[in-house]
Amino acid sequence: MPASNPDDRPEAGSPAAGAAGQDSPDQRYWFHILAQSTPAARNLHAAKLVDKAWQQGDRVCIVCDTMQHAQELDDLLWNFSPDAFIPHSVVPDSATTCTDPVGILLCPPGAGDWDTVIILSSTLPADADRFKRLALVAHNDPSVLDQARSHFRQLRALGIEARVHDQRKR
């Protein structure tokens, strides 16, 4: 039975990971469908994914479409944990370099810059198959689900079969 939360991701070298401790291609790409129907639930799930990947040493980015959404994520990451904060910056354009381990991007991520990419935007990066890990996160809203399905089809066209975590089936 597939896992449905960010803590259930197979670790490199685990039996669920591929040979030589590497994730197999279908274990590097996730499609999270949340049971909740609010943008806040989607943001919180993305923040949990960011925290887990960052704690494992990845450079992580969240890709979003608007400055308002970036500011919501910025506020959430500053207040995510009562014991610590997740070091991050908002990256408004491709000319801006992010020196923090976590970035909130309003532009396409560079494949060489990020280990884990979390997509909350309407556009899937053209080089989505070049990231170490990629997660699509959709809340249970028809328009968001339609966009996520489009991303899923784009990944398939690149030869990627994303692992689906559908929390609506619980």
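Residues numbered from 1 in each chain as written. Predicted model: local features only at pLDDT ≥ 70, side-chain atom pairs only at ≥ 80, totals over all residues. Heavy atoms only, no water.

**Thoughts on the confidence of the model for the chain**
The condition that has to hold: The pLDDT score gives, residue by residue, the confidence of the prediction method on a 0 to 100 scale. Residues are treated as being in contact if the distance between any of their heavy atoms lies within 4.5 Å.
When the pLDDT values of the chain are averaged, the result is 83; 84% of them are 70 or greater. In the predicted structure, residues 1-26 sits below a pLDDT of 50 and forms 43 contacts with residues beyond four places in sequence or in another chain.

**As for the nonpolar core**
Across soluble globular proteins, you tend to see nonpolar side chains buried next to one another. Put simply, the rule reads: As used in this record, nonpolar core signifies buried Ala, Val, Leu, Ile, Met, Phe, Trp, Tyr and Cys residues forming a set joined through side-chain atoms within 4.5 Å. The rule is simple: take the accessible area with a 1.4 Å probe, protein chains only, and divide by the maximum for that residue type; under 20% is buried, over 50% is exposed, in between is partly exposed. Counting from the N terminus, the helices are the DSSP runs of H or I reaching at least four residues and the strands are the DSSP runs of E reaching at least two.
Grouped together as the largest cluster of nonpolar side chains are 26 residues, with contacts concentrated most on Phe-31, Val-117, Ile-119, Leu-124, Leu-134, Leu-136 and Leu-155. Contributing elements (two or more residues each) for this core: β1 (29-33), β2 (60-63), β5 (116-119), β6 (133-138) and α3 (142-157). Per-element tally for this core: the top contributor is α3, with five residues. When sequence neighbours within four positions are dropped, the list of residues in contact with Ile-119 reads Arg-42, Val-63, Leu-124, Pro-125, Leu-134, Ala-135, Leu-136, Val-137 and His-151. Counting 21 residues, the second largest nonpolar core, distinct from the first, contains Ala-41, Val-102, Ile-118 and Ala-135.

**A few points about the environment of Pro-108**
With respect to the helices, strands and loops of the structure, Pro-108 is situated in the loop between β4 (102-105) and β5. Using a relative accessible area of 60% as the deciding quantity, one classes Pro-108 as exposed. Along the primary structure Pro-108 and Cys-64 are separated by 44 residues, whereas in three dimensions their C-alpha atoms are 9.3 Å apart.

**As for helix α2 (residues 67-78)**
How we decide: By this rule, a helix spans an expected 1.5 Å times one less than how many residues it contains. What the arc measures is the spread of directions leading from the helix axis to the C-beta atoms.
In this model α2 runs 16 Å from its N-terminal to its C-terminal C-alpha over twelve residues, within 8% of the 16 Å that 1.5 Å per residue would give. If you check which residues of α2 are buried, you get His-69, Ala-70, Leu-73, Asp-74 and Leu-77. An end-on view of α2 places all buried positions within 145° of arc, on one side of the element. Looking at the buried side of α2, the elements it contacts are α1 (39-55), β2, β3 (88-91) and β4.

**Regarding the packing of α1 against α2**
The cut-off we apply is this: Lines are fitted to the C-alpha atoms to define the axes, a helix being fitted only along its stretch in contact, and any angle between axes, read from their N-to-C directions, falls within 0 to 180 degrees. We call two directions roughly parallel when the angle between them is under 35 degrees, roughly antiparallel when it is over 145, roughly perpendicular when it lies between 65 and 115, and oblique otherwise. Should the near helix be turned counterclockwise from the far one by less than a right angle, the crossing is left-handed, whereas a clockwise turn marks it as right-handed.
Two numbers describe how α1 lies on α2: the axes approach to 10 Å, and their chain directions differ by 55°. Comparing the axis directions of α1 and α2 gives the class oblique. By crossing handedness, the relation of α1 to α2 is classed as right-handed. Every residue of α2 that contacts α1 at Asn-43, Leu-44, Ala-47 and Val-50 is listed here: His-69, Glu-72, Leu-73, Leu-76 and Leu-77.

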